[in-house]
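Residues per chain are reported as follows:
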Amino acid sequence: MTTPAPFGGLAQETRICAHCGYCLAGCPIYQAVGWESASPRGRMAIAAALVHGNALSAEAAQRLYECTLCGHCRTVCPTRIDTLATWLEARQRLADQSALDRLPLGRLRDNLCAAHNITGEPAENRLLWQEELSLAPALLNARPGAQVVYFVGCVAALYGQGHAIARAAVEIFHRADLDFTTLGSAEWCCGFPLLGLGLPEEAAAVARHNLAAVRALAGQAVVTTCPSCFHMWRDVYPALLGGPIGVEVMHAGELLARLIAEGRIAFRPLPGRVTYHDPCDLGRNSGVYDAPRAVLQAIPGLELVEMADHRKHARCCGGGGNLEAINPDLAGELARQRLVQAVETGATLLVTPCQQCKRTLATAARRERVRLRVLDLTETVVQALA
Amino acid sequence: MANPLCHPPLAELLGDRYTESPFERSFYQRDLAVVPHSLARLIGQTLPDAVARPRTAEEVAAIMRYAGERKLAVTPRAAGSTTFWNAVPLHGGLLLDLNGLAGLAALDTDHLTADVWAGTRWADLERALRRRGFAVLAYPTSAPAATVAGWFCMEGHGIGSLKYGGMAGHVAGLEAVLADGHIAQIAAATPDAPTVAELAGSEGTLAVITRIRLRLRPAPAAVGHHLLRFRDMATLQAAALDLSTARPTPYYLHFADDACGRLLTQAGFPPPADGALLAITYDGAAAEVAAGAATVERAAAQTAGEELPAAAAARAWDERFLALHLKRAGPSVLGTEAWLSVSQLAAYTANVARLARRQNLPIATYGMVVAPGMATVMSLFGCDDARPLAYLLALSLTGRLYEIAFRHGGRPYGIGVWNTPYLGRAFAAEELTAQRRRKQAFDPANLLNPGKRYAPPALLWPPTFRLGMAALAGIRRIGRRWLR
Ligand SMILES: Cc1cc2nc3c(=O)[nH]c(=O)nc-3n(C[C@H](O)[C@H](O)[C@H](O)COP(=O)(O)OP(=O)(O)OC[C@H]3O[C@@H](n4cnc5c(N)ncnc54)[C@H](O)[C@@H]3O)c2cc1C
Ligand code: SF4
Ligand code: SF4
């Protein structure tokens, strides 16, 4: 396990790459595709060509986007390259070469830039998940002075499969007597997909908007159910905005663990065997491994079993890095491979604290006709509430 | 419209695990060595004509039969974590990417063996075995990348070799596809096939290994790490010799000179301590580990070695796969790896240090004691391949480093392409003749990994090579200041 050295820019880092192959074993894309071009060191060679201003062929550009930004390569690289920063700079250079329109990524960019979400839907659709809730909209949406702002995220707000997560989260917060609200329809996509497209300036604009919205409510903390939103808020926004953002940032897994420790939520037994999937942006890329596990372990009757690859070794579900936009079949294959590991544990329930992981893994389970329930952590907790 | 395929039967056999795409093929032209394009072109055709990713011995056999009919060169390649172009084609042809032939096929807990597919990475294997309460006997310091067969086809000495011997001795049998396409199950000696011992170190030139039966051990119950600091390499050498022959035998005995520490610091990763360092690990029963600790204490007292805190020792062990940290002092590194007597270590490093001073260039030396009295020794220095002329001239230093190793009875560790000029000095004449005879017997058409191991390519014929190296060294001497 290595920690990256300060990023020295694409030109330097691509030359430091030793071509050693340490990054082959854990790269989910390389494992699924099999060609060297799809490996991190292959991607390094492609990125090196960008340094000289060369325009890349479509297949080379495609390989740079066929990466879930899962961060596994960064944890094993013996030359301590910040591979994620490398991929992002490479994508930025590609975006500057108008690659997004040559690849099937132009639509995603347009959705993000025009509608400020990944699907391109109108902003008011962000509230659809609230329809069956008994909580008053005035409480839920943009309530000034609320201590905690729940940042819902595009997948929970705009995908049918995600709605249950947002609903579960607010129900738990309500039961725990948490002083919270959301940004309602003023929430914009956190900017992670923009960053992944190679558009850091657009991502910074989003960061400015979201932070201003939270500050306007005088919120002191932001909690997310999406690990990528969490990673953006906690680690990337300060970098994009040039300094600390002045609000505490938590993932729901951390907040739930805290609420349990404070005795603000209690459980009834929920018997079963559960396995836990570490989302890349929560585990490897943000270092949060224990809190969500502690939540599951606090539920009486639930037996936690680990997959062969877990914690820092956890395999990606395929949902990150805009992979679904550029190669949905490959994203599906990654989810299938992760599902196989979950099934091998003998668990009947697969829990992940991520709306995107839940979506990809649940879709894979349906496609593979596997008898394994896939739930978000909040959905699991809400079922076990006393 | 896509170009018609040159080898449709292979595409039919392997489907999307076969490619002739120029884009895909271009990624198989190198290993860790950075070689300027202009020089690479002079050595051979490094771009394979096609890449195949077989998943079974039967597929490998069908490919070999096809290659035999058409006299196609076949380069077996796994992680490509070597540095001498061992797995880089020199004659185009077919590149066999064996990374997909991976996994633990069977575990025999009664006889303590595991059947492992050739492309299984050491770190993956060790992790899978540890989960079941077992461990491999030895593995290379490139374990996160290197494959079981890749290391077997090289010289196979690394972590654990001092205690358990080289990898060749850990192989209870194997499956290999011979050049004629027949699948052989090879025990110690099998008629009409190379023996296990002959295949070890054969660098993919005698057969394609598809599966290996490896001897194992129960996962050790205890482990103990130590780190000693010495005032110089002479005292370190004395301690290393002592510890390598004393009982219990260390599982890991790694040394680094102080220049190594300085280069690491320059790279931004200061080592656990400065000075000449000897890292020692014992594993096994608790009593063995405790006895190891007492041995280290005694050896340290006798050689004026200073035992460093446990955390530093643990860190040295944790970083055993991370020698490539040094690359940040580059961005490129060049160097040599030699098989050398431990009794020559101090004299060798003193000569290397002298060379480093003369060249005004830090050269790091580190390595492992891997057999009684014997070590693998790396000497590395930073350079910049973006400055092709300076880089070419820096290449001449590798020749000087090997000369130092030869002067101390050493030889290059691994041959590939780049060490072929030293063949005549690395092996006794009879041994070399036997190796060439074996190649002729088992691969008469020279299909498997041609251009490696047995004879240098034209540009690297020893007289030409020596002349070239001397010229580069001369130019480097004259132009050093200007180049810097
Ligand atoms: C950081 C680092 C540390 C290292 N540490 C050590 C060490 O401790 N000890 C040591 O000995 N070496 C070490 N090496 C070099 C070492 O030789 C390789 O890491 C390893 O042995 C090669 O494995 P590979 O899977 O990468 O094989 P490759 O490099 O792909 O191939 C090596 C050779 O084997 C042949 N080959 C590969 N697979 C097959 C097969 N299935 N059938 C037939 N031929 C095959 C190839 O043609 C080639 O000639 C190190 C290298 C690095 C980069
Ligand atoms: S692990 Fe790092 S240095 Fe090694 S090939 Fe991958 S990116 Fe390059
Ligand atoms: S970030 Fe993940 S998917 Fe991307 S290259 Fe690294 S290991 Fe592969």
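### So, the packing of aromatic side chains
Right, on to step 1. Throughout the structure, instances matching the rule amount to 15 aromatic pairs over all chains.
Right, on to step 2. Seen from their ring centres, A:Phe173 and A:Phe180 are 5.4 Å apart, and the 70° between their planes marks the pair as edge-to-face.
Right, on to step 3. Judged by its relative accessible area of 1%, A:Phe173 falls in the buried class.
Right, on to step 4. Residue class for A:Phe180 comes out buried when judged on its relative accessible area of 3%.
Right, on to step 5. Feature note: the residues B:Tyr139, B:Tyr164, B:Tyr251 and B:Phe321 constitute an aromatic cluster, connected by ring pairs.

### Observations regarding the site of ligand 1
Right, on to step 1. Surrounding ligand 1, one finds 34 residues, the nearest of these being B:Pro76, B:Ser81, B:Thr82, B:Ser142 and B:Tyr413.
Right, on to step 2. At the site occupied by ligand 1, the surrounding residues belong to chains A and B.
Right, on to step 3. B:Ser142 places a polar side-chain atom, nitrogen or oxygen, 2.6 Å from an oxygen atom of ligand 1.
Right, on to step 4. Side-chain polar atom of B:Thr147 to an oxygen atom of ligand 1: 2.7 Å apart, as the coordinates give it.
Right, on to step 5. When the free accessible area of ligand 1 is taken as 960 Å², the share hidden by the protein chains comes to 94%.
Right, on to step 6. When residues of the shell around ligand 1 are traced back to their parent elements, those giving at least two are strand S3 (74-77), helix H6 (148-153) and strand S10 (207-218) of chain B.
Right, on to step 7. Among the elements that take part in the shell around ligand 1, H6(B) stands out by supplying four residues, more than any other.
Right, on to step 8. Of the residues assigned to the shell around ligand 1, the class counts are 20 nonpolar, twelve polar and two charged.
Right, on to step 9. Built from parts of two domains, the shell around ligand 1 gets at least three residues from each of domain 1 (8-97) and domain 2 (104-218) of chain B.

### Notes on the side chain of A:Gln337
Residue and element names in this part refer to chain A.
Right, on to step 1. Relative to the helices and strands, glutamine 337 is located in helix H18 (residues 328-344).
Right, on to step 2. Within the structure, the side chain of glutamine 337 is placed 2.7 Å from the side chain of arginine 315, a separation counted as a polar contact.
Right, on to step 3. Contact partners of glutamine 337, with chain neighbours within four places excluded, come to Gln31, Ala32 and Arg315.

### Looking at the domain arrangement of chain B
All names here are of chain B.
Right, on to step 1. Each domain of chain B was delimited in the assignment, giving domain 1 (8-97), domain 2 (104-218) and domain 3 (222-412).
Right, on to step 2. Distance from the C-alpha centre of domain 1 to the C-alpha centre of domain 3: 35 Å.
Right, on to step 3. Listed per partner, the contact involves five residues of domain 1 and six residues of domain 3.
Right, on to step 4. A combined buried area of about 460 Å² lies between domain 1 and domain 3, and 78% of that area is made up of carbon and sulfur atoms.
Right, on to step 5. Three residues, Val34, Pro36 and Phe84, lead the burial of domain 1 against domain 3; their summed loss comes to 75% of the area buried on that side.
Right, on to step 6. Across the contact surface, domain 1 and domain 3 share zero salt bridges.
Right, on to step 7. Remark: the boundary between domain 1 and domain 3 carries one residue pair in polar contact (both at pLDDT 80 or more).
Right, on to step 8. Partitioned by chemical class, the residues of the side of domain 1 that touches domain 3 number five nonpolar, no polar and no charged.

Analysis parameters
- Residues numbered from 1 in each chain as written.
- Chains lettered and ligands numbered in written order.
- Predicted model: local features only at pLDDT ≥ 70, side-chain atom pairs only at ≥ 80, totals over all residues.
- Heavy atoms only, no water.
- Phe/Tyr/Trp six-rings, centres within 6.5 Å; stacked < 30°, edge-to-face > 60°.
- Buried < 20%, exposed > 50% of the residue type's maximum accessible area, 1.4 Å probe, protein only.
- Near = heavy atom within 4 Å.
- Polar contact = N/O pair within 3.5 Å; in protein donor to acceptor, adjacent residues only side chain to side chain.
- Areas by Shrake-Rupley, 256 points an atom, 1.4 Å probe, with all protein chains shown as cover.
- Helix = DSSP H or I, 4+ residues; strand = E, 2+ residues; numbered from the N terminus.
- Nonpolar A, V, L, I, M, F, W, Y, C, P; charged D, E, K, R; others polar.
- Domains from an automatic or database assignment.
- Contact = heavy atoms within 4.5 Å.
- Buried area = accessible area lost by both parts, 1.4 Å probe.
- Salt bridge = Lys/Arg side-chain N within 4 Å of Asp/Glu carboxyl O.

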